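# Tertiary structure, described
Each chain is listed here by its residues.
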Amino acid sequence: MNEPVITDIWVYLSASPLLGLTITLLAYGLAYRLYLQANSSPFANPVLVSVAMLILLLMVTGTRYSEYFEGARFVHFLLGPATVALAVPLYEQLARLKALWLPVTISLICGVVIAAGSSIGLAWLLGGSTEIQMSLAPKSATAPVAMGISETIGGIPSLTAVLVVITGITGAVTGTRLFELMRISDDSVKGIAIGVAAHGIGTARAFQVSNQMGAFSGLAMALSAFATALIVPWLVDLTGI
Amino acid sequence: MAFLNGITLLLAYQLIGEVAVRLMDLPIPGPVLGMMMLFITLLIRGYAPESISAASSALLSHLSLLFVPAGVGMMVHFDRIASEWLPITLALFFSTLITMVATAGIMQLTSRWFAPKSLQADGSRDGEDSDRGSRHE
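Residues numbered from 1 in each chain as written. Chains lettered and ligands numbered in written order. Predicted model: local features only at pLDDT ≥ 70, side-chain atom pairs only at ≥ 80, totals over all residues.

Grouped together as the largest cluster of nonpolar side chains are 117 residues, with contacts concentrated most on Ala85(A), Ala87(A), Val165(A), Ala193(A), Ala225(A) and Val68(B). When residues of this core are assigned to their parent elements, the largest contribution, 15 residues, is made by helix α12 (residues 211–239) of chain A. Residue contacts for Val68(B): discarding those within four places in its chain leaves Thr24(A), Tyr28(A), Val47(A), Ser50(A), Val51(A), Leu54(A) and Val75(A). (Core = buried A, V, L, I, M, F, W, Y, C linked by C-beta atoms within 7 Å. Buried ≥ 20, exposed ≤ 12 C-beta atoms within 10 Å, placed from the backbone. Helix = DSSP H or I, 4+ residues; strand = E, 2+ residues; numbered from the N terminus. Contact = placed C-beta atoms within 7 Å.)

This is the structure in C-alpha cells:
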C-alpha cells in the first residue's frame with residue numbers, strides 16, 4: 001500500500017528540477033559547515049566534499065547525471081553572472097593593478113603556456129592518448145572557456161569540465177601550503193598564481209585568505225581565460241599533435 | 001531592490017557579452033567579455049554602484065558552490081578516467097603544482113624588477129590583511 005505512493009513521489013521528484021537543485025544546495029551547505037568545523041583546512045575543501053557526497057547519493061539511488069543536472073543547471077548557470085561579477089573586486093584593486101600591470105601580464109602569459117604545456121607534456125610522457133592530452137590542455141581555464149577550447153583542439157568537452165573542477169580543487173587544496181613553502185607572503189603574487197592555475201575554485205579559496213588575493217586571483221582567472229583561448233590552440237598547432 | 005538591480009545588470013552584461021562574441025566570432029566566452037565590459041564601465045564611472053557591489057559579493061562569496069554540478073559530472077566519465085587514470089591524475093596534479101610554483105616565482109621576480117617602489121608605498125598605505133612582514137623591510 002505504501003510502496004506505490006513512495007514510487008510515485010520518486011517518479012515526480014526525479015522528473016522535476018527541484019530535487020537536483022535542493023540536494024546540491026544541501027550538500028554544499030553541509031560540506032561548508034564541515035569545512036568551518038575543520039578550521040577551514042584546505043583538505044576539507046567544500047567542493048571536493050559536496051561533489052563526493054552527491055556522486056555517492058546519485059549512485060546509491062541509481063539516478064542518472066542528466067536527471068540530476070536538470071535541477072543542478074540552475075546553480076551551474078550562475079557561473080556566467082559570477083564571472084561578470086569579478087569586474088567589481090578587480091576594480092576595487094585598481095591602484096595595485098596599475099602598479100603591477102607589467103609583472104601581471106608577463107606572469108599570466110608564462111603561466112598559461114606552462115599550464116597547457118606541462119599538462120600536455122606530462123600526459124604524453126605518461127602514455128596518455130591524444131584525446132586525454134587535449135582534454136587536459138585547457139584544464140586551468142575556467143569551465144566554459146576550457147570546454148570550448150577542448151572542443152576546438154580535439155578533446156572531450158564534458159571530460160574537460162570535470163578535469164577543470166579537479167584542477168581547481170587541487171590548486172585550492174595545495175596552494176596556500178605551497179606558497180608557505182615558497183615563503184611568499186605577498187597576496188597579489190599568491191592570487192595571480194592560484195588564479196592562473198586553479199581558476200574559480202582557486203579564486204574562491206583566495207577570497208577566504210584575503211580580498212586582495214581574491215581580486216588578483218579573479219583577475220588572473222579572467223585574463224588567463226582570454227590568454228588560454230588565444231594561446232592554447234596555437235600551441236597545439238605548433239607542437240603538431 | 002539593490003540586489004535585484006545588481007543581478008539584472010550582471011545578467012545584462014553577460015547577455016551583451018554572449019551576443020557580441022557570437023556576432024564577432026571571438027574566441028573568448030561571453031561572460032569573460034561581459035566582465036571586461038563591466039570593468040571598463042566602472043573605470044569610466046569612477047566608482048562601483050551599491051547595487052552592483054551587493055550582487056557581486058553575494059555571488060562571489062560562494063563561488064565554489066557554482067562548480068559543484070560540473071564536478072558531479074565526474075560520474076559520467078568514471079570509465080574513461082579509470083582506463084587512463086595514471087596519465088590523467090599525475091599530469092593534472094603535477095601540472096597544477098608546476099603552474100602555481102612557476103607563476104608565483106615569475107610574478108615575485110618581475111614585481112621586484114618592475115614595480116618595487118610604488119608597490120611598497122601602496123602596500124603600506126592600505127595593506128589591510130597582506131604584507132605580513134616581508135614587504136616592510
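Right, let's get into the interface of chain B and chain A. Facing 73 residues of chain B, the contacting portion of chain A comprises 100 residues. Of all the elements in the fold, those that place two or more residues in the side of chain B that touches chain A are α1 (2–24), α2 (30–45), α3 (50–61), α4 (68–72), α6 (85–114) and α7 (116–126) of chain B. In terms of residue count, the dominant contributor to the side of chain B that touches chain A is α6(B) (24 residues). When its residues are assigned to classes, the side of chain B that touches chain A shows 48 nonpolar, 19 polar and six charged. (Nonpolar A, V, L, I, M, F, W, Y, C, P; charged D, E, K, R; others polar.)

For the rest of this paragraph, the subject is the domain arrangement of chain B. What the domain assignment lists for chain B is domain 1 (1–61) and domain 2 (73–123). Inter-centroid distance (C-alpha atoms) of domain 1 of chain B to domain 2 of chain B is 27 Å. (Domains from an automatic or database assignment.)

Right, let's get into the domain arrangement of chain A. Residues and elements named next belong to chain A. If you check the domain split of chain A, you get domain 1 (2–77) and domain 2 (83–239). Using only C-alpha atoms to locate each centre, domain 1 and domain 2 end up separated by 27 Å. Domain 1 puts six residues into the contact, and the matching count from domain 2 is eight residues. A breakdown of the residues in the side of domain 1 that touches domain 2 according to their chemical character gives four nonpolar, two polar and no charged.

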